[in-house]
Amino acid sequence: MNYKHPHGHVFYRKMSHARPKIAYGEGIYLFDESGKRYIDGSGGPLVVNVGYGRSEIVEAMTKQAQAAAYVHALMFTNEATEQLSSELAEIVPMPHPRFFYLSSGSEVVEGAIKLARQIQQARGQATRDIITCRALSYHGMTLGALGVSGRPGLRTPYMGMMINMPHVRPPYPYRLDISGEELAGRLEESIMAYGAETVAAFIAEPISGASLGAVVPPDDYWPAVRRVCDKYGVLLIADEVLVGMGRTGKWWGMDHWQVQPDIMVTSKGLAGGYVPLGFIAAKHDDVELIRQKLGDWNHGGTFSHHPVACAAALATLHILHKEKLVENSANLGPKLGQMLQEALGDHPHVGDIRGRGLFWGIELVQDRESKDPFPVSRHLAWDVAQRAFEKGLLVYYSQGCADGQNGDVIMLGPPLIVNEAQLAEMVGILAEAVQEVLPG
Ligand SMILES: Cc1ncc(COP(=O)(O)O)c(C=O)c1O
């Protein structure tokens with residue numbers, strides 16, 4: 001696909017095509033400078049939750065920027081950060097949570113694994129420096145986050161530069177029909193193989209996001225994982241970067257199983273996409289222990305606890321509450337699932353349709369019987385996403401879900417302000433795109 005705008009001095013990750021220039025956004029729509037409308041069916045990679053053009057957020061950011069755009073967290077606190085934390089404490093499933101703010105998902109994951117290490121040191125467990133993680137997962141682009149991710153395509157060029165942590169199998173009911181208890185058993189085997197005294201934490205996505213495409217674990221999975229972690233003194237880090245902030249119909253992915261993590265991170269939707277912001281949440285007792293035993297947390301960040309970003313997040317949080325958008329996500333989730341089933345469920349190359357709330361994945365296969373994926377070289381997910389793009393629908397896509405290389409999944413994750421008619425339009429366009437690329 002070729003667009004006429006050159007990128008001048010900019011370069012982007014995907015270098016195969018030029019991009020249209022966006023003029024503005026409104027609600028669930030973006031408009032490029034030619035006037036073409038795009039329905040945001042994926043919220044970027046599931047970022048935009050309260051929609052484009054929200055003046056409440058812009059006003060809150062402006063007010064804070066005018067008052068004090070930046071203060072260094074080593075010297076000051078600020079009202080936006082304090083108030084945001086008090087309000088987040090009401091909804092984060094941890095006893096008396098405390099919050100540390102950075103910008104991207106990768107940064108909060110880096111921070112979380114370092115925090116886990118420091119909590120273990122403060123507990124007198126200085127030999128624990130392994131972070132056990134899962135295959136077919138994604139936790140970010142920085143070397144620490146990539147070290148605990150399970151995306152071979154993204155990791156391979158940098159293997160020599162990162163610490164490769166132990167990976168265990170993730171839940172994936174479509175391709176691996178075993179119980180959550182058994183999967184937690186594999187985590188236990190891994191912890192025992194390395195020696196519990198060496199394992200600081202286990203990190204995982206509550207509902208698998210970018211790599212597997214909206215895979216919901218069996219109901220017994222998270223309670224069983226929590227038991228294993230408790231048994232061996234291993235901290236549980238929930239990476240809610242993608243599924244947090246109401247995306248799946250509850251505030252947090254872990255809320256579906258009422259399992260409390262020891263550390264939680266989120267980012268994408270935290271400030272509605274208006275500005276980058278992520279948090280690391282930890283239990284007060286653990287933070288306090290670090291203060292008592294180690295003095296400080298050995299971490300930082302010039303832009304940590306940024307007042308303007310926190311003001312944007314506070315305004316986003318207020319909109320989510322006021323407009324009952326988490327409830328909207330819960331109510332529309334089953335309807336979206338049903339629409340996808342009706343439009344694509346019988347397609348000979350649609351292997352699985354899965355998801356929760358306003359986050360759904362459609363896995364494409366060569367053959368429904370064998371579940372064989374298309375080869376990665378076919379670039380199928382990309383082709384479908386591009387066809388949808390041409391038709392004015394933005395979807396998220398991923399390759400590698402089946403075995404790390406092959407396996408195509410298309411994801412829908414619209415802003416949480418979406419309504420049923422808009423979902424129907426999205427599903428209609430997506431079904432057309434699938435049908436045109438893969439005639440059924
Ligand atoms: C679960 C999860 N963790 C971390 C990240 C990394 O976030 P970022 O791209 O903001 O660095 C992502 C990004 O997709 C993610 O889905």
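The numbers attached to residues start from 1 for each chain and follow its sequence in the written order. Given that the model is predicted, a residue must reach a pLDDT of at least 70 before its local features are reported, and side-chain atom pairs must reach 80 or more before they are shown or counted; all residues, however, enter totals for whole chains, interfaces and linings. Side-chain measures were taken over the full set of non-hydrogen atoms in the model, leaving aside hydrogen atoms and water.

Draft legend 1. Spatial organisation of the sheet that holds strand β8 (residues 235–239). Overall, mixed pairing links the 7 strands, which are arranged β4-β10-β9-β8-β7-β5-β6 in an open sheet. If you trace the sheet from one side to the other, it starts and ends with β4 (97–102) and β6 (167–168), each paired once. Whether two strands pair comes down to DSSP finding at least two bridges between them. Only runs of H or I of at least four residues qualify as helices and only runs of E of at least two qualify as strands under DSSP, and these elements are numbered from the N terminus. As defined by bridge partners, strand β9 (residues 263–266) adjoins strand β10 (residues 278–283) across 4 bridges and the pair is classed as antiparallel. Its bridge partner being in β10, Ile-263 is matched across the sheet by Ala-282. With respect to the sheet, helix α9 (residues 284–294) is in contact with β4 and β10, its orientation differing from that of β10 by roughly 85°. Contacts are assigned to residue pairs with any non-hydrogen atoms lying within 4.5 Å of each other. Throughout, an axis means a line fitted to C-alpha atoms (over the contacting stretch in the case of helices), and angles, computed between N-to-C directions, take values from 0 to 180 degrees.

Draft legend 2. Local environment of the pairing of strand β1 (residues 22–26). The sheet contact formed by β1 and strand β2 (residues 29–32) spans 4 bridges and is antiparallel. Pairing of Tyr-24 across the sheet is with Phe-31, part of β2.

Draft legend 3. Spatial organisation of the sheet that holds β2. Pairing is mixed across the open sheet formed by 4 strands, whose spatial order is β1-β2-β3-β13. The sheet terminates laterally at β1 and β13 (393–394), the two strands that pair on one side only. Examined bridge by bridge, β2 and strand β3 (residues 37–40) share 3 bridges and lie antiparallel to one another. Looking across to β3, one finds that Tyr-29 is bridged to Ile-39.

Draft legend 4. Representation of the state of the cysteines in the model. Here, two cysteine sulfur atoms that lie within 2.5 Å of each other are counted as a disulfide. Applying the stated rule across the entire model yields 0 disulfides. This cysteine, Cys-133, is not joined by any disulfide, and Cys-229 carries the nearest cysteine sulfur, 13 Å off. The cut-offs for exposure are 20% and 50% of the maximum accessible area for each residue type, with area from a 1.4 Å probe on protein chains only; residues under the lower value are buried, those over the upper are exposed, and the others partly exposed. Relative accessible area serves as the criterion here: at 0%, Cys-133 is assigned to the buried category. Here Cys-401 is not cross-linked by a disulfide; its sulfur's nearest cysteine counterpart is in Cys-133, at 19 Å. The class for Cys-401 is buried, based on a relative accessible area of 0%.

Draft legend 5. Structural view of the site of the ligand. The local shell around the ligand consists of Ser-104, Gly-105, Ser-106, Tyr-138, His-139, Gly-140, Glu-205, Asp-239, Val-241, Leu-242 and Lys-268. In this structure, Gly-105 approaches the ligand through a main-chain N or O atom, which is 2.9 Å from an oxygen atom. Under this definition, polar contacts are N or O atom pairs within 3.5 Å; protein pairs additionally need one hydrogen-donor-capable and one acceptor-capable atom, and for neighbouring residues in sequence, both atoms have to be side-chain atoms. One of the side-chain N or O atoms of Asp-239 is found 2.7 Å from a nitrogen atom in the ligand. Exposure was quantified through the Shrake-Rupley algorithm and a 1.4 Å probe, taking into account, for residues, occlusion by the shown protein chains and nothing else. Contact with the protein chains removes 88% of the 390 Å² of surface that the ligand exposes when unbound. Considering only residue class, the shell around the ligand consists of 3 nonpolar, 5 polar and 3 charged. Any residue with a non-hydrogen atom lying within 4 Å of a molecule or strand is treated as near it. Gly is put with the polar residues, along with every residue not named as nonpolar or charged; the nonpolar set is Ala, Val, Leu, Ile, Met, Phe, Trp, Tyr, Cys and Pro, and the charged set is Asp, Glu, Lys and Arg.

Draft legend 6. Spotlight on the packing of helix α12 (residues 380–390) against helix α13 (residues 420–437). Interaxial distance between α12 and α13 falls to 8 Å at its minimum, and their mutual angle equals 130°. On the basis of the axis angle, α12 is oblique to α13. Crossing geometry of α12 relative to α13 is assigned as right-handed. For the pair α12 and α13, the contacting residues are Leu-380, Asp-383, Val-384, Arg-387 and Ala-388 in the first and Leu-430, Ala-433, Val-434, Glu-436 and Val-437 in the second. Here the residues of the contact of α12 with α13 sort into 7 nonpolar, no polar and 3 charged. Roughly parallel covers angles under 35 degrees, roughly antiparallel covers those over 145, roughly perpendicular covers 65 to 115, and oblique covers all other angles. Take the far helix as the reference: if the near one is turned anticlockwise from it by less than a right angle, the crossing is left-handed, and if turned clockwise, right-handed.

Draft legend 7. Molecular detail of the domain arrangement of the protein. One can read the domain layout of the protein as domain 1 (22–53 + 324–437) and domain 2 (55–322). Inter-centroid distance (C-alpha atoms) of domain 1 to domain 2 is 25 Å. Contacts between the two partners involve 43 residues from domain 1 and, on the opposite side, 39 residues from domain 2. Summing both partners gives a buried area of about 3,100 Å² for domain 1 against domain 2, and 55% of it is carried by carbon and sulfur. Buried surface area refers to the total accessible area, computed with a probe of radius 1.4 Å, that the two partners give up upon joining, counted for both partners together. Its largest share of buried area at the contact with domain 2, domain 1 owes to Val-326, Arg-356 and Phe-359, together 22% of the area lost on that side. What counts as a salt bridge is simple: a side-chain nitrogen of Lys or Arg found within 4 Å of a carboxyl oxygen of Asp or Glu. Scanning the region where domain 1 abuts domain 2 turns up 1 salt bridge. Glu-363 serves as the salt-bridge partner of Arg-175, at 2.8 Å between the closest nitrogen and oxygen. Between the two partners, domain 1 and domain 2, sit 24 residue pairs in polar contact (both at pLDDT 80 or more). Of all the elements in the fold, those that place two or more residues in the side of domain 1 that touches domain 2 are α1 (43–46), α11 (325–344), β11 (350–356), β12 (359–364), β14 (396–399) and β15 (408–412). Examining the composition of the side of domain 1 that touches domain 2, we find that 5 residues originate from one element, β11, more than from any other. Counted by class, the side of domain 1 that touches domain 2 contains 22 nonpolar, 14 polar and 7 charged residues. Where each domain begins and ends follows an automated or database-derived domain assignment.

Draft legend 8. Summary view of the pattern of salt bridges. Within this structure, the stated rule accounts for 19 salt bridges. Of the charged contacts in the structure, one is a salt bridge between Arg-354 and Glu-363, with a shortest N-O distance of 2.7 Å. We note that Arg-354, like Glu-363, is buried. In this structure, Asp-383 engages Arg-378 in a salt bridge whose closest nitrogen and oxygen atoms are separated by 3.1 Å. The exposure class of Asp-383 is partly exposed, given its relative accessible area of 30%. For Arg-378, a relative accessible area of 30% translates into the label partly exposed. Among the charged side chains, a network of salt bridges with common partners joins Arg-387, Glu-390, Lys-391, Glu-432 and Glu-436.

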